[in-house]
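Okay, here's what each chain looks like letter by letter:
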Amino acid sequence: MVLTGAGISAESGVPTFRDALTGLWEQFDAEQLATPDAFERDPSLVWGWYEWRRARVSAVNPNEAHRALVQLEAARPQTIVVTQNVDDLHERAGSRNVVHLHGSLFAPRCACCGHRHVLDAKPTMEPDGGRRIEPPVCTACGGKVRPGVVWFGEPLPAGPWSEAQAAASSCDLLIVVGTSGLVQPAASLPTIARRANASIVVIDPRPTAIDAISTYSLRGKAGQLLPRILQEALISA
Ligand code: OAD
């Protein structure tokens, strides 16, 4: 099992949340942008911000770390990638067994009736993420379409969360890549794996909350370390 966070996409050019200076939550107020209340209060601000994020993600490509996980899946088809990321870089790299715990920038739905909305146009790039854009109107009920991501105060989608828990409690190795391990309940997955006697390898340039229970904590960038350790592990196996 591999648990990924924003750090795996950092070398593609997608900002993380909590890195000093560059993290999204260092520059933007989560309370104004990533809660159900925020969307009710100011839907065009929230929709515009997520469109800006979709534009950023659409403009970049998967990196060596995403590609290394595709190789891992090819060698070990039972591999499952559980990601907290709302980008599609694992899929675009070629990973097939990907579980999204926090939803996706590419799967908006109606805030009233839940009807899926199909995004047609590629969003245009804005430098600062501050542009208001009116959310689309639901074709089924006329309600406002919202981003298909999990906001603060919302539960995780039930299916992905139970798949992730099942994987954590049955894996023999959990590789944790590029997450601060500060957001629950995703951050509890390593504890579940540990209790099930899995080895835990953390890859991150900075200390994380998961280091305390890891078997090995490797300090460095995912795009450099992940291809190296996976290649060595797969060659020696
Ligand atoms: P964070 O921003 O909290 O943590 C990103 C981690 O990536 C940090 O530990 C960085 O040190 C590390 N990092 C930075 N560059 C890296 C690189 N090149 N290679 C490897 N690691 C690198 O992001 P997450 O832990 O993903 O939730 O955040 C978890 C959740 O908090 C997100 O899914 C989002 C956010 O609020 C929701 O929006 C629901």
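The sections below set out a description of the structure shown in this document.

Counting its regular elements, the protein contains 10 helices and 8 strands. Taking 18 Å as the expected radius of gyration for a compact globule of 237 residues, we find that the protein reaches 18 Å, a close match to that expectation. The C-alpha extent of the protein, read off along each of the three principal axes, is 55 × 35 × 30 Å. Going through the 237 residues of the protein one by one, you find that 49% of them count as buried. Within the protein, contacts between residues separated by at least 24 positions form 67% of all contacts whose residues are at least 6 apart in sequence.

Surrounding the ligand, one finds 23 residues, the nearest of these being Arg18, His102, Thr179, Ser180 and Asp204. At 2.8 Å from an oxygen atom of the ligand is found a main-chain nitrogen or oxygen belonging to Ala6. Take Ala222: an N or O atom from its main chain is 2.9 Å from a nitrogen atom of the ligand. Taken by itself the ligand offers 800 Å² of open surface, and the protein chains cover 94% of this.

This paragraph deals with the packing of helix 6 (residues 64-75) against helix 10 (residues 222-236). Helix-helix packing is characterised by the crossing angle of the two axes and by the distance between the axes. Contact pair helix 6 / helix 10: the axes reach a minimum separation of 7 Å and the direction vectors enclose 20°. One way to sum up the angle between helix 6 and helix 10 is to call them roughly parallel. Handedness of the helix 6/helix 10 crossing: left-handed. Listed contacts from helix 10 to Glu64, Ala65, Ala68, Leu69, Gln71, Leu72 and Ala75 of helix 6 are Ala222, Gly223, Leu226, Pro227, Leu230 and Leu234. A breakdown of the residues in the contact of helix 6 with helix 10 according to their chemical character gives 10 nonpolar, 2 polar and 1 charged.

This part covers the sheet that holds strand 6 (residues 173-177). The strand order across the open sheet built from 6 strands is 3-2-1-6-7-8, with neighbouring strands paired in parallel fashion. Only two strands of the sheet have a single partner each, and these edge strands are strand 3 (98-100) and strand 8 (216-218). Between one strand axis and the next, the sheet turns by 15° as a mean value, whatever way the strands run. Across 3 bridges, strand 7 (residues 199-203) lies against strand 8 in parallel orientation. Residue pairing across strands places Val202 opposite Ser217, the latter belonging to strand 8. Here helix 10 sits on the sheet in contact with strand 6, strand 7 and strand 8, set at roughly 145° to strand 7.

Glancing now at the state of the cysteines. Per the stated rule, a full pass over the model turns up 0 disulfides. Here Cys110 is not disulfide-linked; the sulfur of Cys141 is the nearest cysteine sulfur, at 3.6 Å. For Cys110, a relative accessible area of 2% puts it in the buried group. Cys113 takes part in no disulfide bond, and the closest cysteine sulfur to it belongs to Cys141, at a distance of 3.7 Å. Given the relative accessible area of 43%, Cys113 is considered partly exposed.

This next bit is on the pattern of salt bridges. By the definition in use, this model includes 6 salt bridges. Note that Glu154 and Arg146 form a salt bridge whose closest N and O atoms lie 2.8 Å from each other. Residue classification places Arg146 among the buried residues on the basis of a relative accessible area of 6%.

Membership of the largest hydrophobic core comes to 22 residues, with the highest contact counts inside it found for Met1, Val82, Leu101, Leu174, Val176 and Leu189. At the level of secondary structure, the elements contributing two or more residues to this core comprise helix 8 (158-170), strand 6, helix 9 (189-195) and strand 7. Examining the composition of this core, we find that 4 residues originate from one element, helix 8, more than from any other. Residues contacting Val176, with those up to four places away along its chain left out, are Leu3, Pro190, Ile200, Val201, Val202, Ile203 and Ile210. Residues Val14, Leu24, Ala30 and Ala38 belong to the second largest nonpolar core, which totals 21 residues.

Calculation criteria
- Residues numbered from 1 in each chain as written.
- Predicted model: local features only at pLDDT ≥ 70, side-chain atom pairs only at ≥ 80, totals over all residues.
- Heavy atoms only, no water.
- Helix = DSSP H or I, 4+ residues; strand = E, 2+ residues; numbered from the N terminus.
- Rg over C-alpha atoms; globule rule 2.2 N^0.38 Å.
- Buried < 20%, exposed > 50% of the residue type's maximum accessible area, 1.4 Å probe, protein only.
- Contact = heavy atoms within 4.5 Å.
- Near = heavy atom within 4 Å.
- Polar contact = N/O pair within 3.5 Å; in protein donor to acceptor, adjacent residues only side chain to side chain.
- Areas by Shrake-Rupley, 256 points an atom, 1.4 Å probe, with all protein chains shown as cover.
- Axes fitted to C-alpha atoms, helices over the stretch in contact; angles between N-to-C directions.
- Parallel < 35°, antiparallel > 145°, perpendicular 65-115°, else oblique.
- Left-handed = near helix turned anticlockwise from the far one by under 90°.
- Nonpolar A, V, L, I, M, F, W, Y, C, P; charged D, E, K, R; others polar.
- Pairing = 2+ DSSP bridges.
- Disulfide = S-S within 2.5 Å.
- Salt bridge = Lys/Arg side-chain N within 4 Å of Asp/Glu carboxyl O.
- Core = buried A, V, L, I, M, F, W, Y, C linked by side-chain atoms within 4.5 Å.

In short, the description is geometric, and any link to function would need to be established separately.
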